[in-house]
Amino acid sequence: MKSEPDVYSIDHLAAEPNQTDYWDGIRNYQVRNFMRDVMQVGDRAFFYHSNCKVPGIAGTMSIVRSAYPDHTAFIDTEKYYDPKSDPNNPRWLMVDVKLESKFPRFIALSELRRQEVLADMLVLRRGNRLSVTPVTENEWNHIVSMVENS
DNA sequence: GCCAACGTTGGC
DNA sequence: GCCAACGTTGGC
């Protein structure tokens with residue numbers, strides 16, 4: 001799950017009560033459908049820092065609430081306000097996440113790209129613009145081992 | 001339903 | 001700041 005650290009970093013999440021927050025601002029149908037149809041409570045996710053000096057993975061989270069309406073779409077002062085999202089039939093959804101661990105060492109995108117095992121990882125794919133993408137068990141385990149073995 | 005124009009994402 | 005890639009919009 002990508003977030004721009006200047007806007008919301010892993011340290012922001014760490015500072016929240018119970019280290020838990022809602023993941024708002026998803027305005028892409030593919031990602032919305034993924035959250036709605038695939039993500040479940042108990043699933044885990046990487047916290048990825050995007051659009052910054054050193055992009056990469058900062059830690060892990062778990063999903064603690066499954067998809068429900070993203071209320072920020074209804075508020076016209078919000079960055080991701082969408083007048084077409086009707087409160088009676090919400091167009092956009094969000095999930096709640098809880099910080100699981102901040103990695104003792106940040107895993108940079110450049111390092112991820114050097115891993116042959118991760119060659120097909122969706123988030124690394126050229127032209128990928130989805131802010132949430134699935135991770136295979138192999139990819140997950142490999143990245144976790146990169147942290148542990150460093 | 002096609003597709004050009006436009007806007008956004010995000011690495012570099 | 002550049003620009004490739006891709007999603008969305010809207011005219012037709």
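This text follows the structure it describes.
Presented here is an overview of the structure given in this document. (Residues numbered from 1 in each chain as written. Chains lettered and ligands numbered in written order. Predicted model: local features only at pLDDT ≥ 70, side-chain atom pairs only at ≥ 80, totals over all residues. Heavy atoms only, no water.)

**Structural notes on the overall build of chain A**
Line of reasoning, step 1. The number of helices and strands found in chain A is four helices and five strands.
Line of reasoning, step 2. For a compact globule of 150 residues, the expected C-alpha radius of gyration is about 15 Å, and chain A comes in at 15 Å, within 12% of that figure.
Line of reasoning, step 3. Expressed along its principal axes, the backbone C-alpha trace of chain A runs to roughly 50 × 35 × 30 Å.
Line of reasoning, step 4. Residue burial in chain A is summarised as follows: out of 150 residues, 43% are buried.
Line of reasoning, step 5. At a minimum sequence separation of 6, the contacts of chain A that also span at least 24 residues come to 71%.
Line of reasoning, step 6. As presented, chain A carries roughly 8800 Å² of accessible surface, and 46% of it is formed by carbon and sulfur atoms. (Helix = DSSP H or I, 4+ residues; strand = E, 2+ residues; numbered from the N terminus. Rg over C-alpha atoms; globule rule 2.2 N^0.38 Å. Buried < 20%, exposed > 50% of the residue type's maximum accessible area, 1.4 Å probe, protein only. Contact = heavy atoms within 4.5 Å. Areas by Shrake-Rupley, 256 points an atom, 1.4 Å probe, with all protein chains shown as cover.)

**Considering the sheet that holds strand β1 (residues 2–3)**
Line of reasoning, step 1. Strand order in this open sheet of five strands is β1-β3-β4-β5-β2, and the pairing throughout is mixed. Each edge of the open sheet carries a strand with a single partner, namely β1 and β2 (20–23).
Line of reasoning, step 2. In this structure, β1 lies alongside strand β3 (residues 44–49), joined through two bridges in parallel fashion. Within β3, the position partnered with S3 by the bridge is H49.
Line of reasoning, step 3. Helix-sheet contacts for helix α2 (residues 29–37) involve β4 (56–69) and β5 (93–108), and the interaxial angle to β5 is about 100 degrees.
Line of reasoning, step 4. Helix α4 (residues 137–148) contacts β3, β4 and β5 of the sheet and is inclined by roughly 40 degrees relative to β5. (Pairing = 2+ DSSP bridges. Axes fitted to C-alpha atoms, helices over the stretch in contact; angles between N-to-C directions.)

**Re the protein's contact with DNA strand C**
Line of reasoning, step 1. Residues in close proximity to DNA strand C include Y29, Q30, K84, R126, G127 and R129, which together make up its full environment.
Line of reasoning, step 2. Among all atoms of DNA strand C positioned within 4 Å of the protein, those belonging to sugar or phosphate total 74%.
Line of reasoning, step 3. K84 is positioned with one of its side-chain polar atoms (N or O) 2.9 Å from a phosphate oxygen of DNA strand C.
Line of reasoning, step 4. The side chain of R126 places a nitrogen or oxygen atom 2.4 Å from a phosphate oxygen of DNA strand C.
Line of reasoning, step 5. Class assignment for the residues of the surface near DNA strand C results in one nonpolar, two polar and three charged. (Near = heavy atom within 4 Å. Polar contact = N/O pair within 3.5 Å; in protein donor to acceptor, adjacent residues only side chain to side chain. Nonpolar A, V, L, I, M, F, W, Y, C, P; charged D, E, K, R; others polar.)

**Comments concerning the protein's contact with DNA strand B**
Line of reasoning, step 1. Every residue near DNA strand B is listed here: K2, Y48, S50, N51, P55, L109, R113, R129 and L130.
Line of reasoning, step 2. Counting only the atoms of DNA strand B within 4 Å of the protein, the fraction contributed by sugar and phosphate is 70%.
Line of reasoning, step 3. At 2.8 Å from a phosphate oxygen of DNA strand B is found a side-chain nitrogen or oxygen belonging to K2.

**Observations concerning the environment of F106**
Line of reasoning, step 1. Structurally, the position occupied by F106 is in strand β5.
Line of reasoning, step 2. Along the primary structure F106 and I57 are separated by 49 residues, whereas in three dimensions their C-alpha atoms are 6.2 Å apart.
Line of reasoning, step 3. Excluding residues that lie within four positions of it along the chain, F106 makes contacts with H49, V54, P55, G56, I57 and A58.

Take it as geometry only, folks, not as evidence of what the structure does.
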